[in-house]
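Structural features, examined
Chain residues, written in single-letter form:
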Amino acid sequence: MKRFISVFLAIIFIICQNAFVFADKNTSNNIDIGSKSAVLMDVSSGQVLYEKNCHEKLPPASVTKVMTMLLICEAIESGKIKINDEVTISENAASMGGSQIFLEPGEVQTVDTLLKGISVASANDACVAMAEYIGGSVEEFVDMMNKKAKDLKMNDTNFVNTNGLPVENHYTSAYDIGIMSRELLKHELIEKYLTTWMDNIVVGKKKATIGLANTNKLIKHYNGATGVKTGFTGEAKFCVSASAKRGKTHLIAVILGGQTSKDRFKDATTLLDYGFANYESVKICSKNQKLYTLKLKKADCENVGLVAKDDLGILTKKGESKDFIKKIEVDKNLKLPIKQGTTLGKVKIYKGNKLIGQVDLVSSRDIDKASYLQMLKRLVEDIV
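Note that the coordinates shown come from a computational prediction; the quantities given were computed from them, not determined experimentally.

Turning our attention to the overall build of the protein chain. Helix and strand content of the protein chain: 11 helices and 16 strands. A separation threshold of at least 6 residues defines the contact pool for the protein chain, and within that pool the share at least 24 residues apart is 62%. Only carbon and sulfur atoms are counted for the fraction: they give 52% of the accessible area of the protein chain, which is about 19800 Å².

Laid out in structure tokens, this is it:
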């Protein structure tokens, strides 16, 4: 009997051990990434699902252009520039080597064409043209890039140029590229540019038509691909920030230092496949969704809606509980007037005692001080 029990327990042990090994093979610890640095990040929450040397400071090559495109999008959406604005190409812009759309000094191109050249063909000349148009000079635009990096808490980053051409002291990390790629993807206008596979543009004073083919091959070959940018130099090797969306789940895989172009896409695909197989996103709220009503007795409008600054989703492992706790925190020390879009609070999402996501609450309108007549009217109404 004792021998039977011993054999039975041994069999159970072997089964459990094999089950454990099988489960372990499905964890991120067993993902085989050959490139030098990598990160897998959730677009909605910023949660990191996998990392390899993700804070190592490395040359990013043309992945630099993620920040260039981000500042272009912000300039368009703020009204500083328009998509159909005409940009005169300078000698400096036309002189850029490497990937280019062969712009000529003195020719005029629209912002739309230049942004298409950057996002699809990784055009260095178009980057410089847009930098000069928005910043007044490349140097001023690079300052804007570094300021934005600081605002996004990209602590591993220093930009020296707009396009990633090799230069000393120009570096970032896989993690920081994930952060700026995530920020870029928040801008709806960039989607059509990042997902264009092939297109034509007219350039040069002779109005020559040239074809563009997206340098990010995943746009054509990976289900749900949404962007973002490739890069290559001899020093940086092969790099990519690759994003894809399936259902509500939107992920970014960043690869730096791949030995070949095939390696970078293989590693990015491996990370994205892992993410979609094991995680799913739960939508908490949408951008501009009203989540709170702020009551202000001394404002021109007593009830002001506070809306979510961005979409918010929570990434969970498939099969896990989706019981979340939502807490709303609003600033109590408000000073009027308040501009539309000002952050006045936060929505925080907890699982148990752990904070797993948050989004800023912003004013849905300008809030001015109430006039004397408004205050008098309210006083009378309260008495009555």
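The next thing to look at is the sheet that holds strand β7 (residues 225–233). The five strands are arranged β2-β1-β9-β8-β7 in an open sheet whose pairing can be described as antiparallel. A strand with exactly one partner marks an edge of an open sheet, and here the two such strands are β2 (48–52) and β7. On average, each strand axis in the sheet is inclined to that of its neighbour by 5 degrees, with strand direction left out of account. Both strand β8 (residues 237–246) and strand β9 (residues 249–258) contribute to a ladder of eight bridges, which runs antiparallel. Bridge pairing in β9 links V240 to I255. Strands in contact with helix α10 (residues 261–278) are β1 (37–42), β2, β7, β8 and β9; relative to β8, the strand with the most contacts, it is inclined by about 30 degrees.

Now for the packing of helix α2 (residues 65–77) against helix α5 (residues 124–135). At a minimum axis distance of 11 Å, the contact between α2 and α5 shows a crossing angle of 40 degrees. Regarding the angle of α2 to α5, the classification is oblique. In the crossing of α2 with α5, the sense of the turn from one axis to the other is left-handed. Together, K65, T68, L71, I72 and A75 of α2 and N124, C127, M130 and I134 of α5 make up the contact between the two elements. Residues of the contact of α2 with α5, tallied by class, amount to six nonpolar, two polar and one charged.

For the bond running from G227 to V228, omega is 10 degrees, close enough to zero to count as cis. Locating V228 in the fold gives a position in strand β7. For the bond running from L336 to P337, omega is 0 degrees, close enough to zero to count as cis. As for its position among the elements, P337 is in the loop between β14 (325–330) and β15 (343–351). Backbone geometry places F102, a non-glycine residue, at a positive phi of 60 degrees. Note on placement: F102 falls in the loop between α3 (91–94) and β4 (108–110). Looking at F102, the relative accessible area reads 53%, which means it is exposed. Positive phi is not limited to glycine here, since K207 has a value of about 55 degrees. K207 gets classed as exposed once you look at its relative accessible area, which sits at 57%.

Using a probe with the size of a water molecule, rolled over the atoms, empty space left in the structure can be pinpointed. Tallied over the entire structure, the rule returns one cavity of 30 Å³ or more. Computed from the structure, the largest cavity encloses a volume of approximately 50 Å³. Partitioning the lining of the largest cavity into residue classes produces six nonpolar, three polar and one charged.

The next point concerns the environment of V87. Inspection of the secondary structure assignment puts V87 in strand β3 (residues 86–88). When its relative accessible area of 2% is taken as the criterion, V87 is described as buried. In this structure, the C-alpha to C-alpha distance between V87 and E132, residues 45 residues apart in sequence, is 9.3 Å. Excluding anything up to four places from it in sequence, V87 contacts E107, V108, Q109, V111, L114, A129, M130 and Y133.

Among the secondary structure elements, E183 is positioned in helix α7 (residues 174–184). Residue classification places E183 among the buried residues on the basis of a relative accessible area of 17%. Separated by 140 residues in the primary sequence, E183 and V43 place their C-alpha atoms 8.4 Å from one another. Aside from chain neighbours lying at most four places away, what touches E183 is L70 and L152.

Following the criterion strictly, the structure yields 11 salt bridges and no others. Where K36 meets E56, a salt bridge forms, and the shortest distance between an N and an O atom there is 3.8 Å. One end of the pair, K36, is in the loop between α1 (2–25) and β1; the other, E56, is in the loop between β2 and α2, with 20 residues separating them in the sequence. A relative accessible area of 42% places K36 in the partly exposed class. Between R365 and D300 there is a salt bridge, and its shortest N-O distance comes to 2.9 Å. Pair noted here: R365 is in the loop between β16 (354–363) and α11 (372–383) and D300 is in the loop between β11 (290–295) and β12 (303–308), with a separation of 65 residues, a long-range link. Within the structure, one salt-bridge network assembled from shared partners comprises E183, K186 and D310.

The rules behind each value
- Residues numbered from 1 in each chain as written.
- Predicted model: local features only at pLDDT ≥ 70, side-chain atom pairs only at ≥ 80, totals over all residues.
- Heavy atoms only, no water.
- Helix = DSSP H or I, 4+ residues; strand = E, 2+ residues; numbered from the N terminus.
- Contact = heavy atoms within 4.5 Å.
- Areas by Shrake-Rupley, 256 points an atom, 1.4 Å probe, with all protein chains shown as cover.
- Pairing = 2+ DSSP bridges.
- Axes fitted to C-alpha atoms, helices over the stretch in contact; angles between N-to-C directions.
- Parallel < 35°, antiparallel > 145°, perpendicular 65-115°, else oblique.
- Left-handed = near helix turned anticlockwise from the far one by under 90°.
- Nonpolar A, V, L, I, M, F, W, Y, C, P; charged D, E, K, R; others polar.
- Buried < 20%, exposed > 50% of the residue type's maximum accessible area, 1.4 Å probe, protein only.
- 1 Å grid on protein atoms, 1.4 Å probe; cavity = no way out; pocket = protein on both sides within 12 Å on 5 of 7 lines; lining within 4 Å.
- Points joined across faces, edges and corners; volume = space filled by probe spheres on them.
- Salt bridge = Lys/Arg side-chain N within 4 Å of Asp/Glu carboxyl O.

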